[in-house]
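Commentary on secondary and tertiary structure
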Amino acid sequence: MISPVLFYLMAFVVIFGALMMVAHKNILYSALSMVLCFIGVAGIYATLQLSFFAVVQIMVYVGAITILTVFAIMLTRHAHQEDFDGTNPFSNNVVGAGVVAVGIAVVMAIVIRSLTLITPQALPEDWIQQIGIELFGTYVLPVELVALLLLVGMIGAIVIGKEDDGQ
């Protein structure tokens, strides 16, 4: 059993990363703060002994989504905007962000207090194999469509970010 202190430490890392992502004035640093948030979520999965989900979180979100976001930021910058200071349009709304954060905290507290706890059940031994069978058997078409959508998005980012060389 993992210590609850480690769980709360990971929760603090997630909250700190999310706050830094919203509050930072530099959009590139905001994207890098998103990495910290995603790593904290993977740490929460690890403290809950869900190692498969922790590894998937690292591979998909920290690896793919963050790299895609950083590429999109880099490809859409123009040559005269070499420094990224003041590029996050949401960092100036501190009062609005505080009101929204308090509202979300209140709604989450109400929802958590109204939940009824369920008893945990043991997972079957081949649950990871079953996920693979479902993803690449039953749901192969949606998985392929998502892959195609990501490919089109990446090609679109490259086309938009390509400098106009006067042709």
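Everything numeric in this text was worked out from a predicted model, so none of it was measured. (Residues numbered from 1 in each chain as written. Predicted model: local features only at pLDDT ≥ 70, side-chain atom pairs only at ≥ 80, totals over all residues. Heavy atoms only, no water.)

1. Comments concerning the overall build of the protein
The number of helices and strands found in the protein is six helices and zero strands. Listing every helix and strand of the protein by position from the N terminus yields α-α-α-α-α-α. Taking all 167 residues of the protein together, the buried fraction comes to 17%. The long-range fraction of contacts in the protein, counting pairs at least 24 apart against all pairs at least 6 apart in sequence, stands at 68%. Element-wise, carbon and sulfur atoms account for 74% of the exposed surface of the protein, whose accessible area totals about 12,700 Å². (Helix = DSSP H or I, 4+ residues; strand = E, 2+ residues; numbered from the N terminus. Buried < 20%, exposed > 50% of the residue type's maximum accessible area, 1.4 Å probe, protein only. Contact = heavy atoms within 4.5 Å. Areas by Shrake-Rupley, 256 points an atom, 1.4 Å probe, with all protein chains shown as cover.)

2. Examining the packing of aromatic side chains
Centre-to-centre distance and the angle between the planes together describe a pair of aromatic rings. Applying the stated criterion across every chain yields a total of seven aromatic pairs. Summarising the aromatic geometry, the rings of Y45 and F53 are spaced 6.1 Å apart at their centres and angled 45 degrees between planes, so their arrangement reads as tilted. For F53, a relative accessible area of 32% puts it in the partly exposed group. Centroid distance F52 to F53: 5.6 Å. Interplanar angle 65 degrees. Geometry classified as edge-to-face. Ring-pair connections join several aromatic residues into one group, and the members of that group are Y45, F52, F53 and W127. (Phe/Tyr/Trp six-rings, centres within 6.5 Å; stacked < 30°, edge-to-face > 60°.)

3. Here we look at the confidence of the model for the protein
Here the protein averages 81 in pLDDT, while 86% of its residues score no lower than 70. Considering each helix and strand of the protein separately, the mean pLDDT is smallest for helix α3 (residues 51-75), with a value of 83, and largest for helix α2 (residues 27-47), with 89. (pLDDT = per-residue confidence, 0-100.)

4. Looking at a nonpolar patch on the surface
Nonpolar side chains collect at one region of the surface, where L135, F136, V140, L141, L145, L148, L151, V152, I155 and V159 lie side by side and expose about 960 Å² of accessible area between them. Residue assignment for the nonpolar patch shows that the elements contributing at least two residues are α5 (127-138) and α6 (140-161). Element by element, the count of residues in the nonpolar patch is highest for α6, at eight residues. Among the structural elements, L135 can be located in helix α5. Look at L135 and you get partly exposed, because its relative accessible area is 37%. (Patch = residues over 30% accessible without salt bridge, like charges linked within 9 Å, V, L, I, M, F, W, Y side chains within 5 Å. Salt bridge = Lys/Arg side-chain N within 4 Å of Asp/Glu carboxyl O.)

5. Quick word on the side chain of T47
Here T47 is to be found in helix α2. A polar contact of 2.8 Å, which involves the side chain of T47, links it to the backbone oxygen of I44. (Polar contact = N/O pair within 3.5 Å; in protein donor to acceptor, adjacent residues only side chain to side chain.)

6. Concerning the environment of F52
Relative to the helices and strands, F52 is located in helix α3. Placed 76 residues apart in sequence, F52 and I128 show a C-alpha to C-alpha distance of 7.9 Å. With residues up to four places along the chain from it excluded, the contact list for F52 reads W127, I128 and I131.

7. Re the side chain of Q57
Along the chain, the position of Q57 falls in helix α3. Reaching out from Q57, the side chain makes a polar contact with the backbone oxygen of F38 at a distance of 3.4 Å. Beyond its immediate sequence surroundings of up to four residues, Q57 is in contact with F38, V41, A42, Y45 and V62.

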